[in-house]
Amino acid sequence: MPQKIVIIGANASGIEAASAARKKDRTAEITLLTNEKIVGYSRCGLPFVISGVISQFKELVVYPPAYFQMLKLNLLTQTTALTINTTEKTVLIQTFEDATKTIIYDKLIIATGAEPFIPSIKGNGKLGILYLRSIEDGEKIDAAIKTGAKSAIIMGAGLIGLELGVALIERGVQVTVVEMAPHILPQMLDADMAKLVQEQLEHKGMKILLNRTVEEILGEDKVSAIKASGEVFTADMFLSAFGVRANTKLAVASGIPLGETRAIKTSSSMETDVKDVYAVGDCAETSHLITHKPVCPQLGTVAVRQGKVAGTNAGGVNSQFIGVLASAITRLFDIEVGSTGINETCAIKNHIEVVVGSISSKTKADYYPSSKSIKVKLIVEKKSEQIIGAQIVGGEEVTQRINAISFAIQKQMTVRELAKADTAYAPPMNETWEPMVLAAEIALMKLR
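Quick summary incoming for the structure in this document. Everything numeric in this text was worked out from a predicted model, so none of it was measured. Chains are numbered independently. Their residues run from 1 in the order of the written sequence. Local features in this predicted model are restricted to residues of pLDDT 70 or higher, and side-chain atom pairs are both shown and tallied only at a pLDDT of 80 or more, whereas totals for entire chains, interfaces and linings draw on every residue. Hydrogens are left out, water is left out, and the side-chain values use all remaining heavy atoms of the structure.

## Brief notes about the overall build of the protein chain
Thought 1: Only DSSP runs of H or I reaching four residues or more are called helices, and only runs of E reaching two or more are called strands; each is numbered from the N terminus. Looking only at helices and strands, the protein chain has twelve helices and 25 strands in total.
Thought 2: Note on method: radius of gyration uses C-alpha positions; expected globular size equals 2.2 Å times residues raised to 0.38. The C-alpha atoms of the protein chain give a radius of gyration of 23 Å, which matches the 22 Å a tight globule of 448 residues would have.
Thought 3: Expressed along its principal axes, the backbone C-alpha trace of the protein chain runs to roughly 65 × 55 × 40 Å.
Thought 4: Expressed as a percentage of its 448 residues, the buried residues of the protein chain come to 53%.
Thought 5: Taking as baseline every contact in the protein chain between residues at least 6 positions apart, the subset at least 24 positions apart corresponds to 63%.
Thought 6: Counting only carbon and sulfur atoms, one obtains 51% of the accessible surface of the protein chain, whose full area is about 20900 Å².
Thought 7: Charge separation in the protein chain, taken as the distance between the mean sites of 48 positive and 47 negative side-chain charges, equals 2 Å. To sort residues, take the accessible area from a 1.4 Å probe on protein chains only and compare it with the maximum for the residue type: under 20% means buried, over 50% means exposed, and anything in between is partly exposed. It only takes one pair of heavy atoms within 4.5 Å for two residues to be counted as in contact. All accessible areas in this document rest on Shrake-Rupley with a 1.4 Å probe, and a residue is counted as covered only by the protein chains that are shown. Counting rule for charge: Lys and Arg are taken as positive, Asp and Glu as negative, and neither His nor the chain ends is counted. A charge is said to be at NZ when it belongs to Lys, at CZ for Arg, at CG for Asp and at CD for Glu.

Pasting the structure below:
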């Protein structure tokens, strides 16, 4: 009798889990269910539709209906999982027609993702606060611009907040970003690297207010202003980019344990503490390869890798997820930003003594006409001399350098080894001395 695999959630991690399970088990009955109407789209692409770089939201759909048909996946849209009975191995669901039914599983994969988060501040329940998590959210923001919004306040200067801010400016909207931390991208960058990015954003017209805590959302029923550190700010649009929190309500109600991060606790096989129940993506906890502590990075790359592991295991073949470095990149106007591993702030918090090697260089030979600036910062553990983190800010060629350093960290490369790396050079593509190598040499000087 074919086994039944049920997946709650039908975006990045859920679809990857279904695909992996199908490859390992050709006969399994695989059911995906989601409360969204549109599935299989890239959430990461939403800001670029708002900016106009991508013309329509429907272009973000990566997995069309034909994909699910080809793999013989039973896709249930606009369907909500109400409860999970882990003893009887059943899921109670509600369809868009309000009908309820119970489906049976042999293996269950929870891919419920994350939800926008607003701190417990006065007035946080008022209407008119916009988010960017789904296509529907993106359509609301797009509609507000089309109906005349000329100014926006974004609460939060993380990746989503800044990418959204760039998109709005490119649509002619005046943007003010309010951030409680002392610098932008606080989870990704150290203050020195963040300053470089902030200068570029401000040069393009983004107003950034740091060390400002949002204390109250003002207005009658609908938001009309916010109060941050005692000052009132008004705008046509108000966007929450405080961050997201793992959507664990269903897991908690079903008795599936959470971890230290308040995301669903998982093993290296992505299995929860309940047998035959897996969790993947933005709702799942994993471990960091440097600190070895629980983390919930909520990145698309992590989500698909976890989905593949869980799906492979559900399909009957052993697979392990080794953990994360939380490598991340973005492009903000003309500047690329990337990080991998841990930064200085995280090292201090985890009592790891480090040395830092930083270098400002060029992406091509200095004399080449289109050469752009780039800054590389390496974080090196002092005792072992191993590379444990990097941040790069530049006009181009950031992604593959971050990827290369990620490889180096995973292979436990020392800074001495990186300083001797054999790298390529041609005037239109790179400097004679690779900037990563120069940063390694500076870190070595400090070690000596």
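Next comes the rest of the description.
## Considering a positive patch on the surface
Thought 1: For patches, a residue must show more than 30% relative accessible area and have no salt bridge; joins then use 9 Å for like charges and 5 Å for nonpolar side chains, namely Val, Leu, Ile, Met, Phe, Trp and Tyr. A pairing counts as a salt bridge when a side-chain nitrogen of Lys or Arg comes within 4 Å of a carboxyl oxygen of Asp or Glu. A cluster of basic residues, K23, K24, R26 and K308, forms a positive patch at the surface.
Thought 2: In this structure, K308 sits in helix α8 (residues 300-314).

## Details of the nonpolar core
Thought 1: Core analysis: the biggest nonpolar cluster contains 96 residues, and I141, L168, I184, L201 and M237 have the highest contact counts within it.
Thought 2: Here this core takes six residues from helix α5 (residues 159-170), the largest share from any one element.
Thought 3: Discounting residues that sit within four places of it in the chain, M237 has contacts with L130, I141, A144, I145, A149, S151, A152, I153 and L168.
Thought 4: Among the nonpolar cores identified, the runner-up in size contains 30 residues, and I352, I359, L378 and I405 belong to it. Only buried residues count toward a nonpolar core. Its members are Ala, Val, Leu, Ile, Met, Phe, Trp, Tyr and Cys residues joined through side-chain atoms within 4.5 Å.

## Some remarks on the sheet that holds strand β13 (residues 214-218)
Thought 1: When DSSP finds at least two bridges between two strands, those strands are taken to pair. Strand order in the open sheet formed by three strands is β13-β14-β15, and the pairing between neighbours is antiparallel. Bordering the open sheet on either side are β13 and β15 (231-234), each of which pairs with just one other strand. The sheet shows a mean angle of 25° between the axes of neighbouring strands, taken without regard to direction. For helices, the axis comes from a line fit to the C-alpha atoms of the stretch in contact; other axes are also lines fit to C-alpha atoms, and the angle between any two N-to-C directions lies between 0 and 180 degrees.

## Some thoughts on the sheet that holds strand β22 (residues 335-341)
Thought 1: Ordered in space as β21-β22-β25-β24-β23, the five strands form an open sheet in which the pairing is antiparallel. The sheet terminates laterally at β21 (328-332) and β23 (354-362), the two strands that pair on one side only. Adjacent strand axes in the sheet meet at a mean angle of 10°, parallel and antiparallel pairs treated alike.
Thought 2: In terms of strand pairing, strand β24 (residues 373-381) meets strand β25 (residues 387-394) through seven bridges, oriented antiparallel. Bridged to I379 within β25 is G389.
Thought 3: Sheet strands touched by helix α10 (residues 399-410): β21, β22, β24 and β25. Its angle to β25, the strand with the most contacts, is close to 175°.
Thought 4: Contacting β23 and β24, helix α12 (residues 435-447) crosses the sheet at an angle of about 145° to β23.

## Things to note about the pattern of salt bridges
When charged atoms on two side chains of opposite charge get close, those side chains can pair.
Thought 1: Counting across every chain of the model gives 20 salt bridges.
Thought 2: The salt bridge partner of K377 is D192, with a shortest N-O separation of 3.0 Å. Placement of the pair is K377 in strand β24 and D192 in helix α6 (residues 191-203), with a sequence separation of 185 residues.
Thought 3: Exposure remark for K377: the relative accessible area of 0% places this residue in the buried category.
Thought 4: A salt bridge links E385 to R416, with the shortest nitrogen-to-oxygen separation between them at 2.6 Å. Of the two residues, E385 is situated in the loop between β24 and β25 and R416 in helix α11 (residues 415-419); the sequence distance between them amounts to 31 residues.

## Considering helix α1 (residues 12-24)
Thought 1: Look at α1: 19 Å from first C-alpha to last across 13 residues, which is about the 18 Å you get at 1.5 Å a residue.
Thought 2: Summarising burial for α1: ten of the 13 residues are buried, a large majority.
Thought 3: Along α1, the residues that are buried comprise S13, G14, I15, E16, A17, A18, S19, A20, A21 and R22. A helix is expected to reach a length of 1.5 Å times the quantity of its residues less one.

## A look at the environment of V398
Thought 1: Relative to the assigned elements, V398 resides in the loop between β25 and α10.
Thought 2: Among the residues examined, V398 registers a relative accessible area of 1% and is labelled buried.
Thought 3: Separated by 61 residues in sequence, V398 and V337 place their C-alpha atoms 6.8 Å apart.
Thought 4: Those residues in contact with V398 that sit more than four places away from it in its chain are E336, V337, G338, I374, I392 and V393.

## Considering the packing of aromatic side chains
Thought 1: Two aromatic rings from Phe, Tyr or Trp, using only the six-membered ring of Trp, form a pair when their centres are within 6.5 Å; if the ring planes differ by under 30 degrees the pair is stacked, by over 60 it is edge-to-face, and anything between is tilted. As enumerated under the stated definition, the model contains two aromatic pairs in all.
Thought 2: Both rings, one in Y67 and one in F68, keep their centres 6.0 Å apart while their planes meet at 90°; by these two values the pair is edge-to-face. Neither residue differs from the other here; Y67 and F68 are each classed as buried.
Thought 3: The rings of Y63, Y67 and F68 are connected pair by pair, giving a single aromatic cluster.
Thought 4: By definition, being over a ring means that NZ of Lys or CZ of Arg is both within 6 Å of the ring centre and within 35 degrees of the ring normal. Over the ring of F117 we find R245, and its NZ or CZ is 3.7 Å from the ring centre.

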